[in-house]
Amino acid sequence: MALLSVLTPVLAVVLCLVIGFMLVSSRETETTSTDPGKTEGAKKADFRPWVDQDLQDDTEITAKEDEDGDWADSHEEEDLLHVPYSPPRYPEETMLQRSKDLYTLMNQRRSVRFISPEPVPREVIDNVICTAGTAPSGAHTEPWTFVVVSDPDTKHRIRQIVEEEEEVNYRQRMGDKWVNDLAKLKTNWIKDYLDVAPYLVLVFKQSYGILPNGKKRTHYYNEISVSISCGILLAALQNVGLNTVTSTPLNCGPQLRILLKRPANEKLLMLLPVGYPASDATVPDLKRKPLDDIMVHI
C-alpha cells in the first residue's frame, strides 16, 4: 500500500509528460501540413491533390481586424439606397417554354479541349464578362477579377507555367487513382489550347478588397461568390456559341499572378480558354444524371 502511494504521483507525472508530448507532436504535424513552403520535400503520399496550396486561406471571412493591416469598418461606408424592383413576370406557359429552352441550350454544353484560333469579337467577350459580374456575392463585395489574355507571348508563357506544374501534378501530386480516372477523358499535362484559343480568361478571387483610401475590406464567402460567377460565365459563353474547358491548374497561381501583375490579395481560381470549337473537335460521349438522381423533392 505504501509502495502504491509512492508510485501514484510518479505515474501521474509520466502520464502528463506523455500527453504533453502527443499534443506538441500533433501541433507540429498540423503546422507542417498547412505550410506551403514545407510541402516541396514531402513524400508522394503526403500530397492532397484536391488542395491548391495557393488557395489555402480562409475563404469565408479572411479579414482579421486585430492583425496586420488597416481594415475598414462597415460604418465607414455610406448607407445604401434601396429602390423599387419590378422584374418581368411571365405567364406559366411562357415560363415552361423558357425553362425548356434554357435547359436545351445548356445541355449542349461540353468541355472542349480542341479550340479554333478563329478570332472572336472582343465586345462579345466584354459582354460575357459583364454577365459573369452579375453574380451574387457576400455583402455585395464582388470579389472577382477576370483577366482576359489575347497577347500571343503572354498566352505562351502561361502555357509554359501551367504545363510545367501540371506535369508534376500528373506524375506526383495527383496519385494513380486520379490519373486513372482521367484516362478515359484522354487528358494530360499538354495544353495546346492555351496557345491556340483566341482568349484566355483567368478568374481570380479577391481574398480581401482594397478601398481607395488604402484600407482593406472584408470579402465574405469570396470563393463561393466567385464560383457562382464562374457558373454564370459558362452559361454566358454557351449562350453566344463559344466553348471552353474549366481548368484549375494546381499550384500555378503564384507564378501566374506575378506574370499578370496581380496584387497579393488575388488568388487564381480558374483558367478558361475561350473560342469556337475546332473543325475536328471531339468530346467524350458522356451522359448526365437524370432528374431523380440529382433532385430530392420534399
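Since the model is a prediction, treat every value here as computed from it, not as a measurement.

Points about the sheet that holds strand β1 (residues 144–149)
Link 1 in the chain: Pairing within the open sheet is antiparallel, and its 3 strands lie in the order β1-β2-β5. The open sheet is flanked by β1 and β5 (266–274), the only strands paired with a single partner. Averaged over all adjacent pairs, the angle separating strand axes in this sheet is 20°, with direction ignored.
Link 2 in the chain: Inspection of the sheet shows strand β2 (residues 199–206) paired to β5 by 8 bridges, in the antiparallel sense. Its bridge partner lying in β5, Gln-206 is registered against Glu-266.
Link 3 in the chain: The sheet strands contacting helix α3 (residues 122–132) are β1, β2 and β5, and the helix crosses β1 at an angle near 165°.
Link 4 in the chain: This element, helix α7 (residues 222–239), spans β1, β2 and β5 of the sheet and lies at about 155° to β2.

Overview of the pattern of salt bridges
Link 1 in the chain: Inspection of the entire model under this criterion finds 7 salt bridges.
Link 2 in the chain: Here Glu-223 and Lys-205 are joined by a salt bridge, their closest N and O atoms 3.3 Å apart. Of this pair, Glu-223 sits in helix α7 while Lys-205 is found in strand β2, placing the two residues 18 residues apart along the sequence.
Link 3 in the chain: Arg-262 serves as the salt-bridge partner of Glu-266, at 2.8 Å between the closest nitrogen and oxygen.
Link 4 in the chain: By relative accessible area, which is 28% here, Arg-262 ends up partly exposed.

A word on the side chain of Glu-266
Link 1 in the chain: Examined against the element boundaries, Glu-266 turns out to sit in strand β5.
Link 2 in the chain: In contact with Glu-266, not counting residues within four places along its chain, are Thr-145, Phe-204, Lys-205, Gln-206 and Arg-257.

Structural notes on α3
Link 1 in the chain: Of all the positions in α3, only Ile-125, Val-128, Ile-129 and Ala-132 are classed as buried. Projected down its long axis, α3 shows its buried positions confined to an angular sector of 100°, all on one face. Projecting away from the buried face of α3 at angles above 90 degrees are the exposed residues Glu-123 and Cys-130.
Link 2 in the chain: Considering only its buried residues, α3 is in contact with β1, β2, α7 and β5.

Details of the pairing of β1
Link 1 in the chain: Here β1 lies mainly inside the structure; 5 of its 6 residues are buried.
Link 2 in the chain: Strand direction decides the pairing type here: β1 and β2, joined by 6 bridges, are antiparallel. Looking at β2, one finds that Val-148 is bridged to Val-201.

What counts, and where the lines are drawn
Residues numbered from 1 in each chain as written. Predicted model: local features only at pLDDT ≥ 70, side-chain atom pairs only at ≥ 80, totals over all residues. Heavy atoms only, no water. Pairing = 2+ DSSP bridges. Helix = DSSP H or I, 4+ residues; strand = E, 2+ residues; numbered from the N terminus. Axes fitted to C-alpha atoms, helices over the stretch in contact; angles between N-to-C directions. Contact = heavy atoms within 4.5 Å. Salt bridge = Lys/Arg side-chain N within 4 Å of Asp/Glu carboxyl O. Buried < 20%, exposed > 50% of the residue type's maximum accessible area, 1.4 Å probe, protein only. Arc of directions from axis to C-beta.

Function cannot be inferred from these measures alone, as they are strictly geometric.
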